[in-house]
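Remarks on the overall topology
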Amino acid sequence: MLLKSVKRSGTVAWSPISQERGFIAVGTVANAIDDSFETTADLEVMAVDFAPGAGKEMQIKGAIKSNERFHRLAWSGHAAGSTELPLGILAGGMVDGSIGFWNPAIISKQMQGEPLVARVQKHKGPVRGLDFNSFKPNLLASGATESEILIWDLANPKAPNVYTPGTPTQPLSEITCVAWNGKVEHILASTGVSGTSVVWDLRQKRPVISFTDSATKTSRSALAWNPEVATQVMVASDDDTTPIVQMWDLRNAHSPARVLTGHSRGILDMSWCPFDSSMLLTCGKDNRTICWNPQTAEIMCDLPSGNNWNFDARWSPKLPAILATASFDGSVNVYSLTDTGSGTAGGKLQAPGWLKRPAGASFGFGGQLSTFSKKTTPDGQPGRPTVALRKPGTDTELLQRADELNAAIQQGTLKDYCQKKITENPDAEEWQFMSILFDEDTRRRLTNFVGFSREDIAAEVLALKLADLKLDDPLNKPKEGKSKKEKAKEAKAEPPKEPEPPKEETPFANGEDSSSNAVDSLFGDSSGADDFLGGGDAPAAVPIVEETAAPAPAAPAPAPMSVPLVEEAVGPNEVLDAAIKRAVICGEFEGAVDCCFRFGRMADALLLAATGGRELFQRTQERYLALNSSQPFVKVTRSIVNHQLQTFVDESDPATWKETLAILVTYATADEFASLCDSLATRLKEVGKDSKAATLCYICAGNVDRTVQIWLEEDAKTGGAPSLKLQGLIERISVLLVLDVCKQEVVPEVVGDKYAQYAEVLASQGRLAMAMEYLLRANASNSVSAAVLRERIFNSDARNAYSVPQNQHPPFPFEFQHVGVAPEKPKVQQPLSGGSAPQAQVYNAVADAFGDAFGAPMQQQQQQQQQ
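Residues numbered from 1 in each chain as written. Predicted model: local features only at pLDDT ≥ 70, side-chain atom pairs only at ≥ 80, totals over all residues. Heavy atoms only, no water.

1. Focus on the state of the cysteines
Under the counting rule described, the total for this entry stands at zero disulfides. Looking at the unpaired Cys273, the closest cysteine sulfur is the one in Cys291, lying at 7.8 Å. Cysteine Cys697 shares no disulfide, and the gap to the nearest cysteine sulfur, in Cys700, comes to 6.2 Å. (Disulfide = S-S within 2.5 Å.)

What follows is the structure in structure tokens.
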């Protein structure tokens, strides 16, 4: 079908730029004069607009004058997209032997500047052969008289370098065509009026083969390489006595492999379709442009003929089925091969190659792959198509890991599986955590994991010496006490019966620190210690070896009754001891305890409180803890003693979550452990923004939903193959759900969905049985995708329909909707008559069934005809 036409006597070149694939360059051809006898030459860039209603005329984007006319045009994508040559470069072979280089972007007025990039005179005669290398667009081959062939390097278009492929062939003759091989970048072919065609190897800089038909030995006008077979080349003759096209196979160049005959006069140009090697264009002196199938030597179609010779025919390199022709009647036409217009088809119709699939593949359910291909025979002929069914495993790593996980689940060796994962990735804390939860002594191992091994800490505490305290360090020195005025004021505020505290340090009995004795009394084997520690065994006190410890810093006073009168504990004192003794003798333990508190004798206060009854001991204990609440270990102890672990978790520092978890593992009861760990995990996630630590705490809490949600969030932030990320998630979920703390009768919906997704991946890899196992695990969830896939796997094997009992068939995953039944139209039986009655009866039934879709029923038609 003729798409566009313009009145020009010019040779053409299509744009190789994808963005401007509708551009075409037209240069005034040599040896042609139009009706106005115009002798000037133009170089134009036109646009082929395929929009509906655009008309037949091509839009002229720009035009320039040329000093000489053109024998050949070539358009290269060299430097396309750059600021200097955004549309590549145009080259023209001129009548005077020169070659001009133009910037098509400037010609088409897309940028400003001088359109002529360079003009170089190297050839002695007119340049008829011109072709750019498709692999290296900066290389241009040109051919002219005296067998002269030159290679132009346009790395610098303004000053191109020129080379020769080798010594010119003998006898010297005019080169009419040059063409680069479309498969091998360093192979170039040329042909000329001598009838000899030469193939050049530019690496060796010499001809590798030359061939000619000894039967004809006529002039050759055009040459084209097969775009798919590197060793096949077509050569056309412009001699009117032998207007033929010969296919040569260089593997056997003694004679042409095939000859195409159909033109009545000499052939002037030829172009092989880059999208379909079974389409070849030729045009000649008989005014015809023919599309051939070179494989069968048959004419596929004949384009509309003109009134003069057709001297140029070019396929578009970017637009399938689009071609351009030029003739000496002064017209350049653009055709679409989808409709040959007034031309005639002389051979078999065939689908074009750009619509065919040389090979194809399609995956089916269950990992089955169906493929088809059409191999060519050694002589280049199309072979028989083949169809194959395969069951490949495209993701070998996933299948290997899936098999290992499935084997561990079936054999009950998930603990060993965890150890294997830890060996592969020692930094994987999640696997270490889940491995610990398999053990019976879980709590002890958890405290060890977070860095609080009881044995190690006991050894560390027992080995602690006074020198290790670094009391000389300013950071470890006790804070300065109150001023003398404050001390005096507090002393006056006390009742006068109370003795004044000594201003000088009192020597401690037996050379031991009173504060040390207080610690021993608090955590030693006193009668009230078991109640204080909740039944746990406390380690022995740290002995002080022949040194005097520095005095303990004074604690802040939270309440008036808890404020001691002294900054440092008062040691043995005759007056104080006598007062306490009298209080004890008369059973006034509460007063004795208060006296001990006011003079800093905390250990004595706790000892007396334990003797005075449980209620007094508990009040004294709370009083002591409140007085020393600024000390970190006292805050922890207070939460433990008062059973305030929930408050402790809510106020804990996310940075020290391991300490908090160790406290919960050591002191929380079995009933409250899970909820406390869940609260700690939520605090780490929301306040501390520590997803990894939150995951470990959620695992301890048995919160599968939140654990899997965090894993999904973390996986979304990482790269990698989606299937392998899903495999890693399923591995962790499978181990998580086996742990005692995480076992659930019904898997969460998020887990069911992931099981269904994983089963679909396994099914796509051909592991239907394994996929069904995961679907059964997810069956208790409300996952629709799991139900759909389960029903599909079951029905993928036709034997299941009769080999499996009906009550074990998976339910249909969708609801049936009753849409009703269309009312039946009444039928009127007509009497049979004649031999055609049965056919009329059949037609009537069909027409009645489809109503007016076929027009009026036959009975009505017959009645209308009778009337």
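Now that the structure has been shown, the text picks up again.
2. Brief notes about the sheet that holds strand β17 (residues 206-211)
Taken in spatial order, the four strands make up an open sheet running β14-β15-β16-β17, and their pairing is antiparallel. Either end of the sheet is taken by a strand with one partner, and the two such strands are β14 (175-180) and β17. In this sheet, adjacent strand axes meet at a mean angle of 20° when their direction is disregarded. Both strand β15 (residues 187-192) and strand β16 (residues 197-201) contribute to a ladder of five bridges, which runs antiparallel. Bridging across to β16, Thr191 finds its partner in Ser197. (Pairing = 2+ DSSP bridges. Helix = DSSP H or I, 4+ residues; strand = E, 2+ residues; numbered from the N terminus. Axes fitted to C-alpha atoms, helices over the stretch in contact; angles between N-to-C directions.)

3. Some remarks on unusual backbone geometry
In this chain, Gln170 is followed by Pro171 through a cis amide linkage whose omega measures -5°. Mapped onto the elements of the fold, Pro171 is located in the loop between β13 (161-163) and β14. Even without being glycine, Asn287 reaches a positive phi, approximately 65°. Along the polypeptide, Asn287 turns up in the loop between β23 (280-284) and β24 (289-293). At Ala321, a residue that is not glycine, the phi angle is positive and equals roughly 70°. Tracing the backbone shows Ala321 in the loop between β26 (310-315) and β27 (322-327).

4. What about the pairing of strand β4 (residues 41-47)?
In terms of burial, β4 is a largely internal element, six of the seven residues being buried. In the sheet, strand β3 (residues 23-28) pairs with β4 via five bridges, with the strands oriented antiparallel. Looking at β4, one finds that Ala25 is bridged to Val45. Judged from the seven bridges that link them, β4 and strand β5 (residues 59-66) form a sheet pairing that is antiparallel. Bridge pairing in β5 places Ala47 opposite Gln59. (Buried < 20%, exposed > 50% of the residue type's maximum accessible area, 1.4 Å probe, protein only.)

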